[in-house]
Amino acid sequence: MIQIRDVYKSFHRVEVLRGVSMDVRGGEAVVVIGPSGSGKSTLLQCINGLEPIDAGTIRIDDVEVHGRGTNLNRLRRKIGIVFQQYNTFPHLTALENVSLAPRIVLKLPRGEAEAKAEEQLRRVGLADKLNERPGRLSGGQQQRLAIARALAMQPDYMLFDEITSALDPELVGEVLDTLRMLRRDGMTMICVTHEMRFAREAADRIVFMDEGRVCEEGPPAEFFTQPREARTRQFLRQVT
Amino acid sequence: METSSVFTSLSLQDLWFLVEGASRTLNLTFWSCIFGTLLGIAVGTARATWPAAVSAIFGVYVDVVRSVPLLIQFILINAALAVVGHPQSPVTVGILVLSLYMAAFVSEVVRGGIAAVPLLTRRAARSLGLSWFQDMRYIVLPLGTRAVLPAWIGLVIGLVKDTSLIAVIGYIELLRAGQIIITRTQEPMLVLSGVGLFYFLICFPVSRYSMRLEAKLAL
């Protein structure tokens, strides 16, 4: 379970998160939406400790992410994150991209790490690209590679940070299909996205963030048809 | 009575003298390149990753070494070692000075190489649970090396030629060997062409190999 309590975060005196609280239970798919600059991406980066926080707490399975004694490298094995800009390793083949962390972080023997990597690449539909470098893959394929790379660590939680925003429209579908597959497999996930159709069909819960706060949350059917807050209604009018 | 000239013509022995000079040049280059590159990597990494205050201290070293002519550094360090009671052989002083000189330049190249690796790529590595050291070893080193390989090769080629300045503390390497032969034979054009050819034969393979390596490492 991910518990976020009253989290504050500033960048150079600009307050990006202003007291965010939310819970994500095991097996739940939460989609976070909101206007640009509302703090969605920052929240994800704080959840796996890539960004420090100024106040509040984030706990993952009762381990405080920003606690003094927390071994972040160990904690991050539990939480995969996929970024908007893929951030694949350009000097490694697809197979090496995916097997690197299992090999050097989980200390799996090379053969075993590669077998697991191959399985993940097959899962995201890249079985025929094992020996290709990212530079030879399309944006959608690179993003699926990034997803496979995170999955190879067998995380309990997955964070997706606007992973379709940098893609050409015709490539969005293949990446969303991968997310749907993970959803069916019961992966616990927090997904920041602007894809409202995906949010509506795949989320257990929608969280709407605005100006660094959680403005409203609820199941998609309710959220999209009967939003309570005026700000939510205004945002939904603009994006749907 | 016939007077014999103080000048004598070129002989095969002169060629061997040049070959020996070239081997000394190679020796100086080899060790200075290894020590200079290792020290440069350490200083460059420290400057790129440690707090600004530490970076500034190393910055003074880099600025001084890069700004003062190498010739002066040879003379000063050679003299300084003698003054403090630890005089060293010219070749030791030469390798020491050239290594420090090379390291200053390499450190800047390394700093550039680390900066060339996108922060987001490194973030992705850390998000997978890689430690700082593993990120440096498996992501930054291979990507940064690709970015700075041409610049580093340029430094190595420069270093080969900079070794000639060691003559100022009395060490005979390739160029100094050539000058000695010129003094005796009065054949500057021929000897200097030969010396130039030796430098070319040392540098050209390095340059060609680096081009092949670059092509091989291209992403």
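Given the structure is predicted, the values throughout are model-derived calculations rather than measurements. (Residues numbered from 1 in each chain as written. Chains lettered and ligands numbered in written order. Predicted model: local features only at pLDDT ≥ 70, side-chain atom pairs only at ≥ 80, totals over all residues.)

**Side note on the sheet that holds strand 10 (residues 213–218) of chain A**
All names here are of chain A. Here we have 6 strands laid out as an open sheet, ordered 6-7-8-3-9-10, and mixed in their pairing. Looking at the sheet topology across the chains shown, the edges are occupied by strand 6 (79–82) and strand 10. For this sheet the average axis-to-axis angle between neighbouring strands, irrespective of direction, equals 20 degrees. For strand 9 (residues 205–210) and strand 10, the ladder comprises 5 bridges, and the chain directions are antiparallel. The residue bridging Asp-210 from the neighbouring strand is Arg-213, located in strand 10. (Pairing = 2+ DSSP bridges. Helix = DSSP H or I, 4+ residues; strand = E, 2+ residues; numbered from the N terminus. Axes fitted to C-alpha atoms, helices over the stretch in contact; angles between N-to-C directions.)

**Comments concerning unusual backbone geometry**
Residues and elements named next belong to chain A. The phi dihedral of His-12 is positive, around 45 degrees, even though this residue is not glycine. Its place among the elements puts His-12 in the loop between strand 1 (2–11) and strand 2 (14–24). Phi at Asn-87 takes a positive value of approximately 55 degrees, unusual for a residue other than glycine. Among the secondary structure elements, Asn-87 is positioned in the loop between strand 6 and helix 3 (94–104). For Asn-87, a count of 23 C-beta atoms within 10 Å corresponds to the buried category. (Buried ≥ 20, exposed ≤ 12 C-beta atoms within 10 Å, placed from the backbone.)

**Points about the confidence of the model for chain B**
Looking at chain B as a whole, the pLDDT averages 91, with 97% of positions reaching at least 70. For this predicted complex, the interface confidence comes out at an ipTM of 0.85, alongside a pTM of 0.81. (pLDDT = per-residue confidence, 0-100.)

**So, the sheet that holds strand 5 (residues 63–64) of chain A**
Residues and elements named next belong to chain A. The sheet built from 4 strands is open, its strands ordered 2-1-4-5 with antiparallel pairing. Whereas interior strands pair on both sides, the edge strands pair on one side only; in this sheet they are strand 2 and strand 5. Across 2 bridges, the pairing between strand 4 (residues 55–60) and strand 5 is antiparallel. Among the inter-strand pairings, Arg-59 is bridged to a residue of strand 5, identified as Glu-64.

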